[in-house]
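Structural features, examined
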Number of protein chains: 2
Amino acid sequence: MTGTDADPNIQERREQLLVDAVVASLANTPDERLRTVLTALVEHLHAFIRDVRLTGREWQLGIDFLTRVGHITDDKRQEFILLSDVLGASMQTITVNDDPTGRTTEATVVGPFFLEDSPLVELGGDISGDASGEPCWVEGRVVDVAGRPLPGARIEVWEADDHGYYDVQYADGRTAARGHLFADDEGRYRFWALTPTPYPIPADGPVGDLLAAARRSPTRAPHLHFMVSHPGMRTLVTHLFVAGDDMGYDSVFGIRDSLIVDFVRARGTEPTPDGQVLDRTWARTSFELVLAPIA
Amino acid sequence: MTGTDADPNIQERREQLLVDAVVASLANTPDERLRTVLTALVEHLHAFIRDVRLTGREWQLGIDFLTRVGHITDDKRQEFILLSDVLGASMQTITVNDDPTGRTTEATVVGPFFLEDSPLVELGGDISGDASGEPCWVEGRVVDVAGRPLPGARIEVWEADDHGYYDVQYADGRTAARGHLFADDEGRYRFWALTPTPYPIPADGPVGDLLAAARRSPTRAPHLHFMVSHPGMRTLVTHLFVAGDDMGYDSVFGIRDSLIVDFVRARGTEPTPDGQVLDRTWARTSFELVLAPIA
């Protein structure tokens, strides 16, 4: 009982002494970067608790919330990534790592639905599998900042179907609307996919409860995911967003102006770039993917 | 691609715009306190990411770490509390809620081992069950800040055995070294327990890995847990720590000077306070538990 009646300086000092003790406990961390990150984590975490004067009940609610996030997370569902996404932490991590030259394609969130081992698709092939949606022709080049092609660049693409689900959310575990292909000798790529449509992030778990409590929509702006890699180049994780859609809101804050592109709709009677005549509307878009060299 | 060559102001502005967007998304949260807490959480989380310039790989390591914490947590093991404890967040939450008058017993961490529905023990009874350790007589009073007794106060006590384990860590699920009792008409309590011994917090999970990476000991200073409640009074969660032990280090930062008490050792030939002659050494301690009124 070292306090006296409501002396704010004593209270302040006790709180700061605790921060200092925790930081001191990290002083022998051999990995310098880990020591830096943990020290900053402790300082910001304690500053949060002190700023809001967190109550014991609120702390318990936080523990319970994180426990629910942990328990709903499995091989197919990554609620921690979802949590990071809706708090903007994923996008801030990407933003602080932005290419300072601004000459490469901007990155955005990877999201929780990327899978290793997607199917190989030939150039001009179809990634959609049996996922439902409007056919969409996507083409472009993969280049470096000087505009030189990057032949053989590996391009992973994945997206939701027009019901708003990724294949990993299907009950039967089948693969659809994802694949990988390799750019040709001129760095060109082309494939059939689905015209992106808006969809909600999974809202039936704790992160959905958080969004509901904040009266936030779980909707993501329509997008097609890319992950592009090439030896010697920094791997690019990005989306294409659809121009003309209501881009005012994205539940994970992933929109960047440079990634909003035209998806041009065509009538079913118009021949496709690969010479088909589809008996339904389809769309097309093109985008140049510019990779940065590994620093 | 809105950046130009390495303009720090543009970079700074982009990062701050993102923080602003996330904060703005919380503006319609109906619960004012929730809005305040979430807004501060976002601001401090983003400040952490920006300060350390968190890399994508480090973000992924963080996601993986939290996933492991979530998956090891179950009814019997609460790794999120353990994580909060070793980062000092639990103790900081308690510290910001300290009774400003300083006239009540100081609180400390609840830890991950409290259970509802502990066995009822009569005054003067033994909470230790078949847990191993040196018998220890614990007695005192439960009072308010004016020193008036609080008859019928409920006192929960729990502790580790001298191998360093709580009963919930036993393979067979039996209950030992925990119980609850009620203060008598004069607010007095007395019971047999075990002399506290140092023990490591569970170090075979992700939090143990974190401590190892920081070269921190998982050892907790020897202590006996109390949770004391009475109608109209603020529930007190605290420990008694053992004077004379090496109190330099506690892995969860729970030590407070006012909670360090003498545990006086007695020879087996000396009669106990309840008139027994044990054929082994035993210890005794006493402590006055002072509760605050509910504000």
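About the cut-offs
Just so you know, the residues in each chain are numbered from 1, in the order the chain's sequence is written. Just so you know, chain letters begin at A and ligand numbers begin at 1, following the order they were written in. Given that the model is predicted, a residue must reach a pLDDT of at least 70 before its local features are reported, and side-chain atom pairs must reach 80 or more before they are shown or counted; all residues, however, enter totals for whole chains, interfaces and linings. Excluded from the side-chain calculations are hydrogens and water; all other atoms, namely the structure's heavy atoms, are used. Residues belong to a common nonpolar core when they are buried Ala, Val, Leu, Ile, Met, Phe, Trp, Tyr or Cys residues joined through side-chain atoms within 4.5 Å. Relative accessibility decides the category of a residue: with a 1.4 Å probe and only protein chains considered, values under 20% of the type maximum give buried, values over 50% give exposed, and everything between is partly exposed. Numbering of helices and strands runs from the N terminus, with a helix taken as a DSSP run of H or I at least four residues long and a strand as a DSSP run of E at least two residues long. Contacts: residue pairs with any heavy atoms within 4.5 Å of one another. A 3.5 Å cut-off defines polar contacts: any pair of N or O atoms within that distance qualifies, except that in protein one atom must be a possible hydrogen donor and the other a possible acceptor, and neighbouring residues in sequence count only when both atoms are side-chain atoms. Two strands form a pair only when DSSP identifies at least two bridges running between them. Interaxial angles span 0 to 180 degrees and are taken between N-to-C directions of axes, which are lines fitted to C-alpha atoms, for helices over the stretch in contact.

1. Digging into the nonpolar core
Core analysis: the biggest nonpolar cluster contains 55 residues, and F48, V86, V110, W158 and Y166 of chain A together with F48 of chain B have the highest contact counts within it. Counting residues per element, this core draws most heavily on helix 2 (residues 32–52) of chain B, at 7 residues. Dropping the residues within four chain positions of it, F48 of chain B is found in contact with V37, A40, L41 and H44 of chain A together with L54 of chain B.

2. Digging into the side chain of H225 of chain A
All names here are of chain A. Here H225 is to be found in strand 7 (residues 223–229). Of note is the side chain of H225, whose polar atom sits 3.1 Å from the side chain of H223. Non-local contacts of H225, meaning those with residues more than four positions away in its chain, are made with V109, V110, E156, V157, W158, Y166, Y199, R220, T238 and H239.

3. A word on the sheet that holds strand 9 (residues 260–261) of chain A
Residues and elements named next belong to chain A. Within the open sheet, the 5 strands sit side by side as 3-2-7-8-9. Their pairing is mixed. Looking at strand neighbours, the two that pair on one side only are strand 3 (178–182) and strand 9, the edges of this open sheet. The pairing of strand 2 (residues 154–158) with strand 3 spans 5 bridges and is classified as antiparallel. Bridge pairing in strand 3 links I155 to L181.

4. What about the sheet that holds strand 10 (residues 264–266) of chain A?
Residues and elements named next belong to chain A. Within the open sheet, the 4 strands sit side by side as 4-1-11-10. Their pairing is mixed. Pairing within the sheet leaves two strands with one partner each, and these edge strands are strand 4 (188–194) and strand 10. Across the sheet, the axes of successive neighbouring strands diverge by a mean angle of 25 degrees, strand direction being ignored. Note: strand 1 (residues 135–144) against strand 11 (residues 282–291), 9 bridges, orientation parallel.

5. Considering the environment of P149 of chain B
Residue and element names in this part refer to chain B. Relative to the helices and strands, P149 is located in the loop between strand 1 (135–144) and strand 2 (154–158). Sequence spacing of P149 and P200 is 51 residues, and the spatial spacing of their C-alpha atoms is 36 Å. Those residues in contact with P149 that lie beyond four places of it in its chain are R141, V142, V143, E186 and G187.

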